[in-house]
2 protein chains.
Amino acid sequence: MRSKLARPLPLYARAKQALMQKLGSGVWRAGEKLPPEPALAASLGVSQGTVRRALDDIAKANLIVRRQGRGTFVAEHTQARALFHFFHLVGDDGRRALPGSRMLSLKAGPATRDESQRLGLAPSARVVRLQRLRLLEGAAAIVERIVVPAALFQGLDVRDRADLPNELYKLYQDRFGVSVARAAERLKAVAASPEDAAYLGLRSGAPLLEIDRIAFALDGRACEWRVSRCSTHRHHYVSEVV
Amino acid sequence: MRSKLARPLPLYARAKQALMQKLGSGVWRAGEKLPPEPALAASLGVSQGTVRRALDDIAKANLIVRRQGRGTFVAEHTQARALFHFFHLVGDDGRRALPGSRMLSLKAGPATRDESQRLGLAPSARVVRLQRLRLLEGAAAIVERIVVPAALFQGLDVRDRADLPNELYKLYQDRFGVSVARAAERLKAVAASPEDAAYLGLRSGAPLLEIDRIAFALDGRACEWRVSRCSTHRHHYVSEVV
DNA sequence: CATCTTCTATCTTATAGAAGACTATGCGCT
DNA sequence: AGCGCATAGTCTTCTATAAGATAGAAGATG
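None of the values given here were measured: they were computed from a predicted structure.

Thresholds, definitions, all that
Residues numbered from 1 in each chain as written. Chains lettered and ligands numbered in written order. Predicted model: local features only at pLDDT ≥ 70, side-chain atom pairs only at ≥ 80, totals over all residues. Heavy atoms only, no water. Near = heavy atom within 4 Å. Polar contact = N/O pair within 3.5 Å; in protein donor to acceptor, adjacent residues only side chain to side chain. Helix = DSSP H or I, 4+ residues; strand = E, 2+ residues; numbered from the N terminus. Nonpolar A, V, L, I, M, F, W, Y, C, P; charged D, E, K, R; others polar. Domains from an automatic or database assignment. Buried area = accessible area lost by both parts, 1.4 Å probe. Salt bridge = Lys/Arg side-chain N within 4 Å of Asp/Glu carboxyl O. Buried < 20%, exposed > 50% of the residue type's maximum accessible area, 1.4 Å probe, protein only. Arc of directions from axis to C-beta. Contact = heavy atoms within 4.5 Å. Pairing = 2+ DSSP bridges. Least-squares fit on C-alpha atoms with pLDDT ≥ 70 in both. Axes fitted to C-alpha atoms, helices over the stretch in contact; angles between N-to-C directions.

### Topic: the protein's contact with DNA strand C
With respect to spatial proximity, 21 residues lie near DNA strand C, and among them A:Arg66, B:Leu11, B:Tyr12, B:Thr50 and B:Gly69 are the closest. Within the contact set of DNA strand C, a phosphate oxygen lies 3.1 Å away from a backbone nitrogen or oxygen of A:Glu37. With respect to DNA strand C, the side chain of B:Thr50 contributes an N or O atom lying 2.4 Å from a phosphate oxygen. Broken down by secondary-structure element, the contributors of at least two residues to the surface near DNA strand C are helix 3 (48-60), strand 1 (64-67) and strand 2 (71-74) of chain A together with helix 1 (11-24) and helix 3 (48-60) of chain B. Split by residue class, the surface near DNA strand C holds five nonpolar, nine polar and seven charged.

### A look at the domain arrangement of chain A
All names here are of chain A. The assigned domain composition of chain A is domain 1 (11-74) and domain 2 (79-237). Computed over C-alpha atoms, the centres of domain 1 and domain 2 are 31 Å apart. Interface area, domain 1 with domain 2, both sides summed: about 470 Å², of which 66% is carbon and sulfur. If you sort the residues of domain 1 by the area they bury against domain 2, Ala30, Asn62 and Leu63 come out on top, with a joint share of 66%. Connecting domain 1 to domain 2 are zero salt bridges. Inspection of the domain 1/domain 2 interface yields zero residue pairs in polar contact (both at pLDDT 80 or more).

### Describing helix 2 (residues 37-44) of chain A
Residue and element names in this part refer to chain A. Among the residues of helix 2, Glu37, Leu40 and Ala41 are the ones counted as buried. Along helix 2, the residues classed as buried sweep out an arc of 100° about the axis, all on the same side. Turned more than 90 degrees off the buried face of helix 2, the exposed positions are Ala42 and Ser43. For helix 2, the secondary structure elements touched by its buried residues are helix 1 (11-24), helix 3 and strand 1. At the C-terminal side of helix 2, Gly45 shows a positive phi close to 70°.

### Remarks on the pairing of strand 2 of chain A
All names here are of chain A. Alignment of strand 1 against strand 2, held across four bridges, turns out to be antiparallel. Residue pairing for strand 2: Arg67 is matched across the bridge by Gly71. Counting the residues that bridge the hairpin from strand 1 to strand 2 gives three residues, and of these Gly69 lies at a positive phi of roughly 85°.

### Focus on the relation of the copies chain B and chain A
In screw terms, the move from chain B to chain A is a rotation of 180° and a rise of 0.0 Å along the axis, fitting with an RMSD of 0.1 Å. Both copies of the chain, as the preceding transformation shows, are related through a two-fold rotation axis. Both copies present the same face, since 100% of the interface residues in chain B are matched by interface residues at the equivalent positions in chain A.

### Re the protein's contact with DNA strand D
Around DNA strand D, 19 residues are found, and the nearest of them are A:Leu11, A:Tyr12, A:Thr50, A:Gly69 and B:Arg52. In DNA strand D, the atoms that sit within 4 Å of the protein are 87% sugar and phosphate, with bases accounting for the remainder. B:Arg52 is positioned with one of its side-chain polar atoms (N or O) 3.0 Å from a phosphate oxygen of DNA strand D. Those elements giving two or more residues to the surface near DNA strand D turn out to be helix 1 and helix 3 of chain A together with strand 1 (64-67) and strand 2 (71-74) of chain B. Counted by class, the surface near DNA strand D contains four nonpolar, eight polar and seven charged residues.

### A few points about the environment of B:Glu144
Residues and elements named next belong to chain B. For Glu144, the position within the fold is in strand 6 (residues 139-149). Once the C-alpha coordinates of Glu144 and Glu185 are considered, the two residues, 41 residues apart in sequence, prove to be 14 Å apart. Engagement of the side chain of Glu144 in a polar contact is seen with the side chain of Ser228, the distance being 3.3 Å.

### A closer look at the sheet that holds strand 5 (residues 126-136) of chain B
Spatial ordering of the open sheet is given by 3(A)-10(A)-7(B)-8(B)-9(B)-6(B)-5(B)-4(B), a layout of eight strands whose pairing is antiparallel. Looking along the sheet, the strands with just one partner apiece sit at the ends: strand 3 (89-91) of chain A together with strand 4 (100-110) of chain B. Averaged over all neighbouring strand pairs, the angle between strand axes comes to 25°, with direction disregarded. Relative to strand 5 of chain B, strand 4 of chain B is paired through 10 bridges, and the arrangement is antiparallel. Its bridge partner being in strand 5 of chain B, B:Met103 is matched across the sheet by B:Arg132.

### Section: the sheet that holds strand 3 (residues 89-91) of chain B
Pairing within the open sheet is antiparallel, and its eight strands lie in the order 4(A)-5(A)-6(A)-9(A)-8(A)-7(A)-10(B)-3(B). Both outer strands of the open sheet, strand 4 (100-110) of chain A together with strand 3 of chain B, are each paired with one neighbouring strand and no more. For this sheet, the mean angle separating the axes of adjacent strands, direction not counted, is 25°. Running over the sheet, helix 4 (residues 79-86) of chain A touches strand 7 (180-191) and strand 8 (207-217) of chain A together with strand 10 (235-241) of chain B and is turned about 50° from strand 7 of chain A.

### Focus on the interface of chain B and chain A
Taken together, the contacts link 33 residues of chain B with 33 residues of chain A. Where chain B abuts chain A, roughly 2,700 Å² becomes buried across the two surfaces, and 51% of that area is made up of carbon and sulfur atoms. Three residues, B:Lys188, B:Val241 and B:Val242, lead the burial of chain B against chain A; their summed loss comes to 24% of the area buried on that side. Inspection of the region where chain B meets chain A yields four salt bridges. The partner of A:Glu240 in a salt bridge is B:Arg182, and the shortest N-O contact between them spans 3.4 Å. Put simply, chain B and chain A have 20 residue pairs in polar contact (both at pLDDT 80 or more) between them. Put simply, the parts of the chain that give the side of chain B that touches chain A at least two residues each are helix 4 (79-86), strand 7 (180-191), strand 8 (207-217) and strand 10 of chain B.

So this is what it looks like as structure tokens:
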């Protein structure tokens, strides 16, 4: 919302928008190589320096990866990326480990009011819900409740119940072409419900860290709502603040 | 830890280091204006473009503020900065408010093992400890325990007990020349101790969000250890993940 | 296997103009 | 003379382009 005159964005910002739009529209798939800088510059009608600035900006948001001598590539949801960018629970000894998963339930249905509001969907649009138990170093540590819009994930189905991979974001990207670009998390301390407690082997009322996350796709639309209730006896959530 | 040959850092990175060092050594005080780009470039023996890149990097870490037409200034710990960069508790309605403070205690003493380890001090170096109760919208919401190395804050004293300001980081900067540049936070859900519960008006054992933060000065040394135990009934901790 | 070439991104410098912010000047008016 | 105001000038950062040197990666060639 610019106040004075509607000044046009600087050229590099418009170039960035154009590139982002291409990324979002799936012109280049995950892991693919983008055209070299001079080619992009020519196709956008700007200088190489300008396209460079745009690419650097996008790389800073982890949407592309630049490798000297090789080229610029669309970011993939690798295990390492999941571990370092999207999973913030760390062992108290400082070691990071990706949690294992045990599927508890998967079913589809119309969205509740909360769900459609949080995901920005039409009232009672169809959603798919799943629940998982996640294991850290073998022990149950997180109860996870996930809601996704059915429209974005056509074909995600009860039949998938058995063989959903551990890393859902990679699945979203590979099978449905939905790349999670960023996420907003809200944390609270809550008391374990009797159900939570049973899953995690704690007494009811034990303090749990609740991570409430909305994940956004490249085009900015919300694509997942995930609530994770974590036991933080041997782990903690890390956050860097600058 | 670079693996192959010890390649020199690129010029802009060395320029950044040189500038950071000057910032850390207090050549320019908080709020002061840095020399214009061409002057800096000349003094460092690099081109204006290179110094620009270094300055942009530093600005991205919120250590300086650049204003077109006016100049480049050393960042100050304003209220807004405290609110947006260093205080992550937000009301469930989305509104941010800086908490008020009520001092509970302030005393000096030799560091415990934990304290000297977390702050990177010699064993049993002198530290100052303070405890505060913090209020959100008038209601007690956070119990805060703060430990700082006495060496960095010469003259911080029991006599200050009454009139310590709400925003400590501004005090650190203005009175002691210690600028908090970044911080690392570790979050856990814990059960309220009887003492916590009494301060916060909760029952003992209620779930609290514990924020354990080490703050680092410009030169990279730890300058504060702060543990905040927060009631998250009406508030939550926000975290953006890219 | 070693070397060379080619393609790529990265680094560095230089130049020019646009735009924001502040100061000083000068002009008209009272 | 003194006041108010527009304008010009100057200093600053910001934007944009260009060009060449550097360095990593890969394949072709000897």
